[in-house]
Amino acid sequence: MMATSAGLPLLLPLLLPLLGQPRAGAGAHREAVVCAGNACYTAHWGRLSAAEAQLHCSKNGGNLATVRSEEEAWHIQRALTQLLESEVTLATWVGKFWIGLQREKGKCLDPSLPLKGFSWVGGGEDTLYTNWNKEVRSSCISRRCVSLLLYLSQPSHASHLPKWSESPCGSPTSPGSKIEGFVCKFSFKGMCQPLALGGPGWVNYTTPFNATSSSLEAVPFASAATVSCGDREDGQEHYFMCREKAPDVFDWGNSGPLCISAQYGCSFNNGGCQQDCFEGGDGSFCRPGFRLLDDLVTCASRNPCSSNPCRGAATCEQGPHGKSYTCHCPRGYQLDSSQRDCLDVDECQDSPCPQECVNTPGSFRCECWVGYEPGGPGEGACQDVDECAPGRSPCAQECTNTDGSFYCSCEKGYVLAGEDSTQCQDVDECADMENGLCDSLCLNTQGSFRCGCLPGWELGPDGVSCTPGPMSLAPRSGSPQGEDAGDREGKLVYSATVSRPTRGPEGTSKEAPTTKGPSLPRNAPITLAAPDMLAPSGPPGVWMEPSTHQAMATTGRAENTDEDSVAKQSDEGTDGQKLLLFYILGTVVAILLLLALALGLLVYRKRRAKREEEKEKKPQNAADSYSWAPERAESRALENQYSASPILASVFESLCG
């Protein structure tokens, strides 16, 4: 006992913060139930993830609660209020309770929709009510869930209904920030009225989803009721079951109020009657306009529409004599098989639109296909979009508009390129060396090409072939086959005039000159940069650039004379002499630089040897008077055998010699 008492002061700082928090652990097994209409709502304590909360609800036949209307929000608010009535809370306590509104991973925010892209766990995205706490986070990479944000310090009125807060759905180890519980919803085909007690007693209901309560405003179908009249210890117990007596008619199968007591009469709970109670009389128990039902307790209106038999958007219309009713649907809807609810009519089945039809709840809308846009008054429903209009064309060169689409094309000398076939790429007409367009030289240009000829040849009138000029180059001596393959690669090969023997009319042999155009070795790579860089030292070749692959001469050509040829050959000789002189001067300069470097190294070595001799003449200690064996061989071994001095000396001797 002493040890326990001594430990209390140490535990108090830890216990005090918990005194103001809801007893989630103690209240985890307690739940609050509210039933209304054809559904029951249960509020539960429990720090669970959204998936775990949904599993708990589904085990009993329900789902996390939907909040499709303000009426449903009120029912859930009442269930939460009941759950928190007996709990000790701080004045500023805030808690969250999961509901059945979620957005799956990969589905993005849609601000145009009331639910922002979220959907109900039971299916559907329809709602008549939203109450978002703040702007929904725009995220598509994770699953998001919605909870009710409950401020316990505020009174429960319409302006303070629980706000919707979206957040990550949590995990078993981390259910989420401020998550305190969840709300379930259970739907039923009908409800029974609570059992009426005409005297002292108690009643306890057990619902199909295993909830127990003694105060339900409506009892779901298939629930069991235990009634005990008088004191709990001595009273006699009665058992009842909520059954379906007729379509949409549910009762307990009993007649008259239960636990009637002559001692209390009508003074106790109005005698168990719903409206008026008469003691000892044979008068009606119901007011004018109502009728007494078979349980002899409940009064129903004589107007068949008073019980709201029509559901959803359907409205009830009373029949003749007030004995029947008919449900009607608004425009765009039709009655379902039960004749009590409305279904949307798919107007698109009748193809009311010229192109695309989109069905909407109660209506539809027309849309245009891709490549069309809505037309103005008098222009038709949809008209073609001119993708090739100025400022809108996606094509690099030519654009052709079609009905609902377009296509791109390129000018001569280009082909379509790009993933979407909207760009144009130049065609290299000179790439095919085997079947080239030019007889000799070919230069590719943007959208076209140029043909040229080797020195001594002229471009023909067709702009493609080459013909011999006034003076052809003489053939080179020696056989080209004797050259190395590497020497031949990339060189221009000239063809000379070839004489072929023919016979004259007298039978004598004559030499008939034949000409052959300039040729290049097969597969010899030739790179041409620009026409002005290809001009040879001999007679210049003539280039042409056909616009539509028709040859046109690009340079004017006059008739060549013998004097011009001689002058050009003289220019060739002058250029050769200048080039030879340049090579000789360059060689002399290089030799002079090497000589200067060698002389500098020689002077440096002599000065260094002189300093070493002076050091040897000065004795440093007593041992200097002795003679030592020469160590010339060892010093040579220590020298760097890769020293540059011997090499430069040998170079110097060879140059001087």
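By the naming in an unreviewed UniProt entry, the protein chain is CD93 molecule, taken from Ursus maritimus. The annotation that UniProt attaches to the protein chain under Subcellular location (unreviewed entry) is "Membrane".

Asks: Sorry if this is basic, but what is going on with the overall build of the protein chain here?
Replies: Within the protein chain, the regular secondary structure consists of seven helices and 36 strands. Evaluated residue by residue, the protein chain yields a buried proportion of 30% over its 657 residues. Partitioning the intrachain contacts of the protein chain with sequence separation of at least 6 by distance along the chain shows that 51% fall at a separation of at least 24. Carbon and sulfur atoms provide 53% of the accessible area of the protein chain, an area that totals close to 42000 Å².

Asks: Hey, could you run me through the pattern of salt bridges in this one?
Replies: Once their charged atoms are close, side chains differing in charge can pair, the charge on each being opposite to the other. Counted according to the given criterion, the structure contains 11 salt bridges. Between Arg47 and Glu180 there is a salt bridge, with the nearest N and O atoms lying 3.1 Å from each other. Of this pair, Arg47 sits in the loop between strand 2 (39–45) and helix 2 (50–59) while Glu180 is found in strand 8 (residues 179–187), placing the two residues 133 residues apart along the sequence. Using a relative accessible area of 48% as the deciding quantity, one classes Arg47 as partly exposed. A salt bridge links Arg78 to Glu217, with the shortest nitrogen-to-oxygen separation between them at 2.8 Å. In this pair, Arg78 is assigned in helix 3 (residues 70–84) and Glu217 in the loop between strand 11 (212–213) and strand 12 (219–220), connecting sequence segments 139 residues apart. Arg78 gets classed as partly exposed once you look at its relative accessible area, which sits at 28%. Among the residues examined, Glu217 registers a relative accessible area of 54% and is labelled exposed.

Asks: I'm lost on the state of the cysteines in this one. Help?
Replies: Under the criterion given, the structure shown has 18 disulfides. Linked covalently through their sulfurs, Cys35 and Cys40 form a disulfide whose S-S length is 2.0 Å. Taking the sign of the torsion about the S-S bond as the criterion, the disulfide between Cys35 and Cys40, at about 105°, is right-handed. We note that Cys35, like Cys40, is buried. Between the sulfur atoms of Cys368 and its disulfide partner Cys382 the distance amounts to 2.0 Å. Linking Cys368 and Cys382, the disulfide has an S-S dihedral of approximately -90° and is accordingly described as left-handed. Of the two residues, Cys368 sits in the loop between strand 24 (363–367) and strand 25 (372–374) while Cys382 sits in strand 26 (residues 382–384), which places them 14 residues apart along the sequence.

Asks: Can you walk me through the nonpolar core in this structure?
Replies: Generally speaking, soluble globular proteins have nonpolar side chains that are buried together. Membership of the largest hydrophobic core comes to 35 residues, with the highest contact counts inside it found for Trp98, Leu195, Tyr205, Val227 and Trp252. Looking at this core, the elements with two or more residues in it are strand 1 (31–36), helix 2, strand 8, strand 9 (191–192), strand 10 (201–206) and strand 13 (224–229). It is strand 8 that contributes the most residues to this core, four residues altogether. Residues from two domains meet in this core; each of domain 1 (31–108 + 115–133 + 140–187) and domain 2 (191–301) gives at least three. Sequence-distant contacts of Leu195, that is, excluding residues within four places in its chain, are made with Val203, Tyr205, Ala225, Val227, Phe240, Trp252, Asn254 and Leu258. Counting 30 residues, the second-largest nonpolar core is a separate cluster that includes Trp45, Ala73, Ala79 and Leu115.

Asks: Explanation requested: unusual backbone geometry in the structure shown.
Replies: What you tend to see is this: most non-glycine residues have negative phi, and most peptide bonds are trans. The phi dihedral of Lys178 is positive, around 65°, even though this residue is not glycine. Secondary-structure assignment places Lys178 in the loop between strand 7 (163–168) and strand 8. Located in the positive-phi region is Ala222, a residue other than glycine, with phi close to 75°. Checked against the element boundaries, Ala222 lands in the loop between strand 12 and strand 13.

Asks: For this particular structure, what's the right way to read helix 3?
Replies: Since there are 3.6 residues in each turn of an α-helix, residues three or four apart along the chain are aligned in direction. Its 15 residues give helix 3 an end-to-end C-alpha distance of 21 Å, which sits within 8% of 21 Å, the value for a rise of 1.5 Å per residue. Buried residues of helix 3: Glu72, Ala73, His75, Ile76, Gln77, Ala79, Leu80, Leu83 and Leu84, and no others. Residues of helix 3 that are buried in the fold lie against strand 1, strand 2, strand 4 (94–103), strand 6 (144–151) and strand 8.

Asks: In this structure, what is going on with the packing of aromatic side chains? I would like to understand it.
Replies: The geometry of an aromatic ring pair comes down to the distance between the two centres and the angle between the two planes. Per the counting criterion, the structure on display carries 11 aromatic pairs. With a centroid separation of 6.2 Å and 55° between ring planes, the pair formed by Phe582 and Tyr583 is classed as tilted. One aromatic cluster is present, formed by Phe118, Trp120, Tyr129, Trp132 and Trp164 through successive ring pairs. We note Lys189 situated over the ring of Phe221; from NZ or CZ to the ring centre the distance is 5.6 Å.

Asks: I tried to follow the sheet that holds strand 11 on my own but got confused; where do I start?
Replies: In sheet architecture, strand pairing relies on hydrogen bonds along the backbone and comes in two forms, parallel and antiparallel. Across the sheet, four strands lie side by side as 11-10-13-14; this open sheet has antiparallel pairing. Two strands bound the open sheet, and with one partner strand each, they are strand 11 and strand 14 (237–241). As defined by bridge partners, strand 10 adjoins strand 13 across six bridges and the pair is classed as antiparallel. Among the inter-strand pairings, Tyr205 is bridged to a residue of strand 13, identified as Ala225.

About the cut-offs
- Starting from 1, residues in each chain are numbered consecutively following that chain's sequence as written.
- In keeping with the predicted nature of the model, local features appear solely for residues at pLDDT of at least 70, side-chain atom pairs appear and are counted solely at 80 or more, and the whole-chain, interface and lining totals rest on all residues.
- Only hydrogens and water are set aside; all other atoms, that is, all heavy atoms of the structure, feed into the side-chain values.
- UniProt positions are given in the numbering used here, feature names are shortened, and annotations may be inferred rather than shown by experiment.
- Helix numbering and strand numbering both begin at the N terminus, where a helix is a DSSP run of H or I of at least 4 residues and a strand a DSSP run of E of at least 2.
- Exposure is judged per residue with a 1.4 Å probe applied to protein chains only, and the accessible area is read against the type maximum: over 50% gives exposed, under 20% gives buried, and values in between give partly exposed.
- Contacts: residue pairs with any heavy atoms within 4.5 Å of one another.
- Only the protein chains shown count as cover for residues, and all accessible areas are computed by the Shrake-Rupley method using a 1.4 Å probe.
- Every case where a carboxyl oxygen of Asp or Glu lies within 4 Å of a side-chain nitrogen of Lys or Arg is listed as a salt bridge.
- Note that a disulfide, as used here, is simply two cysteine sulfur atoms within 2.5 Å.
- Definition of nonpolar core: a set of buried residues of the types Ala, Val, Leu, Ile, Met, Phe, Trp, Tyr and Cys, connected through side-chain atoms within 4.5 Å.
- Domain ranges listed in this record stem from an automatic or a database domain assignment.
- For a helix, the expected span equals 1.5 Å multiplied by the residue count minus one.
- Aromatic rings from Phe, Tyr and Trp, with only the six-membered ring used for Trp, were paired whenever their centres fell within 6.5 Å, and each pair was classed as stacked if the ring planes differed by under 30 degrees, edge-to-face if by over 60, and tilted otherwise.
- Charge-over-ring placement is defined geometrically: NZ (Lys) or CZ (Arg) within 6 Å of the ring centre, and within 35 degrees of the ring normal.
- Two strands qualify as a pair provided that DSSP identifies no fewer than 2 bridges between them.

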